[in-house]
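Listed below are the residues making up each chain.
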Amino acid sequence: MYANITAKELQSLMSLHVFSGTDKVTPILQYLQITRSDDQLTVLTTDRYCLARGVYAVDTIRDPDDTDGTVYLSLDTIKSF
């Protein structure tokens with residue numbers, strides 16, 4: 001999966017991590033789910049009590065071999081930025 005977004009959009013996307021769970025019992029809640037579908041990225045995260053969602057437009061020029069998909073970014077990865 002490949003997508004072009006601006007630095008400001010990346011900063012906004014990563015700022016959603018404050019809504020991610022920090023409970024060690026449910027580690028999957030410590031991730032941002034980023035899904036590309038056609039010309040947009042949808043970012044979801046939750047702490048079980050609230051859900052944060054961000055939608056970002058991406059560059060519409062695509063490699064024909066590139067497919068849509070989902071990736072997960074951990075809180076540790078995001079904080080390292």
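Before reading on, note that the structure itself is shown above.
Residues numbered from 1 in each chain as written. Predicted model: local features only at pLDDT ≥ 70, side-chain atom pairs only at ≥ 80, totals over all residues. Heavy atoms only, no water.

Re the nonpolar core
Step number 1: If you look at the biggest cluster of nonpolar residues, it comprises 11 residues: L13, M14, L16, L32, I34, L41, V43, A52, Y56, V58 and I78.
Step number 2: Elements that contribute at least two residues to this core include exactly α1 (7-15), β1 (31-37), β2 (40-46) and β3 (51-57).
Step number 3: If we ignore the near neighbours within four places in the chain, the residues touching I78 are M14, H17, L32 and L73. (Core = buried A, V, L, I, M, F, W, Y, C linked by side-chain atoms within 4.5 Å. Buried < 20%, exposed > 50% of the residue type's maximum accessible area, 1.4 Å probe, protein only. Helix = DSSP H or I, 4+ residues; strand = E, 2+ residues; numbered from the N terminus. Contact = heavy atoms within 4.5 Å.)

Some remarks on the sheet that holds β1
Step number 1: If you trace the four strands from one edge of the open sheet to the other, you get β3-β2-β1-β4, paired in antiparallel fashion. Two strands close off the open sheet at either side, each with one partner strand: β3 and β4 (69-74). Each adjacent strand pair in this sheet contributes to an overall mean axis angle of 20 degrees, direction not counted.
Step number 2: Two elements, β1 and β2, share five bridges in a ladder whose sense is antiparallel. Across the sheet, the residue bridging to Q33 is L44, located in β2. (Pairing = 2+ DSSP bridges. Axes fitted to C-alpha atoms, helices over the stretch in contact; angles between N-to-C directions.)

Some remarks on unusual backbone geometry
Step number 1: Phi is positive for R48, close to 85 degrees, though the residue is something other than glycine.
Step number 2: Mapped onto the elements, R48 comes out in the loop between β2 and β3.
Step number 3: Overall, the relative accessible area of 49% leaves R48 in the partly exposed class.

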